[in-house]
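# Breakdown of the fold
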Amino acid sequence: MIMRILFFAQLKDGAGCSSFELPAPAPMNAEQLWIALLKQFPALADHRPAVRLAKNSEYVGPEAMFADGDEVALIPPVSGG
Amino acid sequence: MLPEVGLEGQRKICSTSVLCIGAGGLGSPIAMYLAAAGIGRIGILDFDVVDETNLQRQLLHGTSDIGRPKTESARDTLRELNPLVEVQLHRERITSANALDLIRPYDIVVDGTDNFPTRYLTNDACVLLRKPNVYGSIFRFEGQASVFAPHLGGPCYRCLYPEPPPPGSVPSCAEGGVLGVLPGMIGCIQATEILKLAAGIGTPLLGRLLAYDALEMKFRELRLRRDPKCPLCGEQPTITELTDYEPFCATPPPEEMKNMHPDEVSVADMKRALDDASLGIQVVDCREPSEYAAAHVPGVMFLPLSELQLRLDELKPEQGYYIHCRSGGRSMKLVQFLKQNGFKNVKSVAGGIHAWADAYDPNMPKV
């Protein structure tokens, strides 16, 4: 019962890793997912307002639900050129 | 001649005009491949001059171009590649006042800028004018590309990120470093999408964002739908005209150094603060650890922008601070953030450690 979390760009610094397996005993919404993530990675709190979530390679909105087996990507905006 | 392109496709490419916003890391491969492919007309928009530190990734420019406007250097390179291509130069900043007039005469816009304010302005102007916006962006070893075009059924940049990130939440100046070849990868994807759009072949990168990780050597495709609540291209748009965002990341060109911003001090002021402790001003280096390790000014306090939120309590609102970064962009952003948080006497060092090196330490490596 796990979800695979992927960190993109500067979130890798905040998390200290590029991916992570988050226990998912029950389906959760975006808010609950963030609470679980921030418990593990408090440094991500500053990034949260700008980060978009993608579930199983599709960007999702605030109404999305996440469950066992999902791959969740955390994607911050980047601006380099 | 590729049968998929054919004479007709090549004709279409030759009659297409593209505005390349930014002649830097992304703009270099984009403009060079478009010129080589025989695109009809290419506009190069860039305000900056060529700096030595650009050369590791900005292949439009060479060592003999250092100090020249990027637009002129780009024109020479493109003419050498293909003298038949019409090159138009726009050595100016894109603003809410000129964006529509700059973009209107072109068929396709390509976003090769290095800062959020210009990205939002480019996106907004393209949506309002119904022009495809071929997007690319990079950070260290990672990059993204997509085609934004609500008029073709795809999303826009604001469907992805509705508003620019709040100051301090994102290292919006990717000055911390970029793998030199990375913009080559992303820029080539952008150039490919432009040629496909121009020739009318293939499946555009519409409604999909391609994310590339050079360290893993992996591409991921993320599906992105148009957001009906998008403030710009949604069903009830709240953005109907262009606005400017604070150009936190703009690197001031040399001629502007004379007219410093009220929140800026010179490197001479920074030296006085370091030499005379009785002034009570602490000099802070807000660059990232790798930059600090490469070169730093002795006696400064080191507080990387990426650690700011965790270490904010080390800064005292009543204390005076002069903050420097690489060239003055990030430190100005930090100054604005601190002022909003009650700091009274905080200034950004104009030109950053590069200006310091020019004035006091010519042997200092410029990273």
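Rules behind the numbers
- One numbering rule holds for all chains: residues counted from 1, following each sequence as written.
- Labels follow written order: the first chain is A, the first ligand is 1, and so on.
- Since the coordinates come from a predicted model, pLDDT governs what is reported: local features require at least 70, and pairs of side-chain atoms require 80 or more to be given and counted, while whole-chain, interface and lining totals use all residues.
- The basis for every side-chain value is the complete set of heavy atoms in the structure, and neither hydrogens nor water enter the calculation.
- Helical segments are the DSSP runs of H or I of at least four residues, strand segments are the runs of E of at least two, and each set is numbered from the N terminus.
- Radius of gyration: C-alpha atoms only; globule rule: 2.2 Å multiplied by the number of residues to the exponent 0.38.
- In this scheme, a residue with accessible area under 20% of its type's maximum is buried, one over 50% is exposed, and one in between is partly exposed, where area comes from a 1.4 Å probe on protein chains only.
- Contact criterion: two residues are considered in contact whenever any of their non-hydrogen atoms come within 4.5 Å of each other.
- A 1.4 Å probe and the Shrake-Rupley method give the accessible areas. Residues count as covered only by the protein chains that appear here.
- For the purpose of charge, His is not counted, nor are the chain termini; Lys and Arg are scored as positive and Asp and Glu as negative.
- Every charge is mapped to an atom, namely NZ of Lys, CZ of Arg, CG of Asp or CD of Glu.
- Two strands form a pair only when DSSP identifies at least two bridges running between them.
- Note on geometry: axes are lines fitted to C-alpha atoms, helical ones only across the stretch in contact, with angles between N-to-C directions running from 0 to 180 degrees.
- With respect to orientation, any angle under 35 degrees is reported as roughly parallel, any angle over 145 as roughly antiparallel, any angle of 65 to 115 as roughly perpendicular, and every other angle as oblique.
- By definition, any crossing whose near helix is turned counterclockwise from its far helix by less than a right angle is left-handed, and any crossing with a clockwise turn is right-handed.
- Any Lys or Arg side-chain nitrogen found within 4 Å of a carboxyl oxygen on Asp or Glu counts as a salt bridge.
- Summed over both partners, the accessible surface that disappears when two parts come together, traced with a 1.4 Å probe, is what is meant by buried area.
- Pairs of N or O atoms within 3.5 Å make up the polar contacts considered here, provided that, within protein, one atom can donate a hydrogen while the other can accept it, and that residues adjacent in sequence are counted only when both atoms are side-chain atoms.
- All the domain ranges listed were derived from an automatic or database domain assignment.
- Under the pairing criterion, centres of Phe, Tyr and Trp rings, with the six-membered ring standing for Trp, must be within 6.5 Å; the plane angle then separates stacked pairs below 30 degrees from edge-to-face pairs above 60, leaving the rest tilted.
- To sit over a ring, a charge needs its Lys NZ or Arg CZ within 6 Å of the ring centre and within 35 degrees of the ring normal.
- Working definition of a nonpolar core: buried Ala, Val, Leu, Ile, Met, Phe, Trp, Tyr and Cys residues. They are joined through side-chain atoms within 4.5 Å.

Broken down by element type, chain A carries 2 helices and 7 strands. The order of helices and strands in chain A, counted from the N terminus, is β-α-β-β-α-β-β-β-β. Relative to the globule expectation of 12 Å for 81 residues, the C-alpha radius of gyration of chain A, 12 Å, shows essentially globular dimensions. With the principal axes as the frame, chain A shows a C-alpha extent of 40 × 25 × 20 Å. Taken over 81 residues, chain A has a buried fraction of 52%. Restricting the contact set of chain A to residue pairs at least 6 apart, pairs at least 24 apart contribute 51%. About 3,400 Å² of surface is accessible on chain A, with carbon and sulfur atoms providing 56% of the total. Taking the average place of the 6 positive charges on the side chains of chain A and the average place of its 9 negative ones, the gap between the two points comes to 2 Å.

Despite not being glycine, N56 of chain A has its phi angle at roughly 45°, a positive value. Note on placement: N56 of chain A falls in the loop between strand 4 (52–55) and strand 5 (58–59). One non-glycine residue, M217 of chain B, lies in the positive phi region at around 50°.

Looking now at the sheet that holds strand 11 (residues 301–302) of chain B. Residue and element names in this part refer to chain B. Spatially, the 5 strands line up as an open sheet ordered 9-13-12-10-11, and their pairing is parallel. What marks the edges here is a single partner per strand, and that holds for strand 9 (264–265) and strand 11. Pairing of strand 10 (residues 281–285) with strand 12 (residues 320–324), which is carried by 5 bridges, proceeds in the parallel orientation. The residue bridging Q282 from the neighbouring strand is Y321, located in strand 12.

Turning to the packing of helix 2 (residues 27–37) of chain B against helix 3 (residues 70–81) of chain B, a few remarks are in order. All names here are of chain B. Close contact between helix 2 and helix 3 brings their axes to 9 Å; oriented N to C, the two are set at 30°. Relative to helix 3, the element helix 2 lies roughly parallel. Crossing geometry of helix 2 relative to helix 3 is assigned as right-handed. Contact with helix 2, carried on its side by A31, M32 and A35, involves T77, L78 and L81 of helix 3 and no other residues of that element.

All chains considered together, the criterion is met by 27 salt bridges over all chains. Ionic pairing is found between D213 of chain B and K12 of chain A, a salt bridge with its closest N-O pair at 2.9 Å. Placement of the pair is D213 of chain B in strand 7 (residues 208–213) and K12 of chain A in helix 1 (residues 11–15), with the two residues belonging to separate chains. For the pair D213 of chain B and K12 of chain A, one class covers both residues: buried. With its nearest N and O atoms 2.8 Å apart, the salt bridge here joins D76 of chain B to R68 of chain B. For D76 of chain B, a relative accessible area of 34% gives the class partly exposed. You can call R68 of chain B partly exposed: its relative accessible area is 23%. Within the structure, one salt-bridge network assembled from shared partners comprises D65, R68, R75 and D76 of chain B.

Often the size quoted for an interface is simply the accessible area lost on bringing the parts together. At the junction of the two partners, chain A supplies 24 residues and chain B supplies 37 residues. For the pair chain A and chain B, the summed buried area comes to about 2,600 Å², and 53% of that belongs to carbon and sulfur atoms. Sorting the residues of chain A by area buried against chain B places Y59, S79 and G81 of chain A first, and these three jointly supply 24% of that buried surface. In this assembly, chain A and chain B are joined by 6 salt bridges. Linking chain A to chain B there are 20 residue pairs in polar contact (both at pLDDT 80 or more).

What follows concerns the domain arrangement of chain B. With domains assigned, chain B is organised as domain 1 (6–249) and domain 2 (254–360). One C-alpha centre belongs to domain 1 of chain B, the other to domain 2 of chain B, and the line joining them spans 31 Å.

This part covers the side chain of R326 of chain B. Residue and element names in this part refer to chain B. If you trace the backbone, R326 turns up in the loop between strand 12 and helix 11 (329–340). Judged by relative accessible area, R326 falls into the buried class, the value being 13%. Separated by 2.9 Å, the side chains of R326 and T53 make a polar contact.

Moving on to the packing of aromatic side chains. All names here are of chain B. For the structure shown, the criterion picks out 11 aromatic pairs over all chains. Aromatic pair F148 and Y157: ring centres 5.8 Å apart, planes at 55°, arrangement tilted. For the residue pair F148 and Y157, the accessibility class agrees, reading buried in each case. Pairwise contacts between aromatic rings join Y120, Y135, F148, Y157 and Y161 into one cluster. A cation over a ring is seen here: K271 above Y360, with NZ or CZ 5.5 Å from the ring centre.

Now for the nonpolar core. The biggest cluster of nonpolar side chains holds 35 residues, and the ones touching the most others in it are I39, I42, I44, L78, I186 and I194 of chain B. In terms of residue count, helix 7 (residues 182–199) of chain B provides more of this core than any other element does, 6 residues in total. Ignoring sequence-local partners within four residues, the contact set of I42 of chain B consists of V18, A31, L34, L78, V85, E86, V87, Q88 and Y106 of chain B. Core analysis: the second largest hydrophobic core is formed by 22 residues, M3, F20, L44 and F66 of chain A among them.

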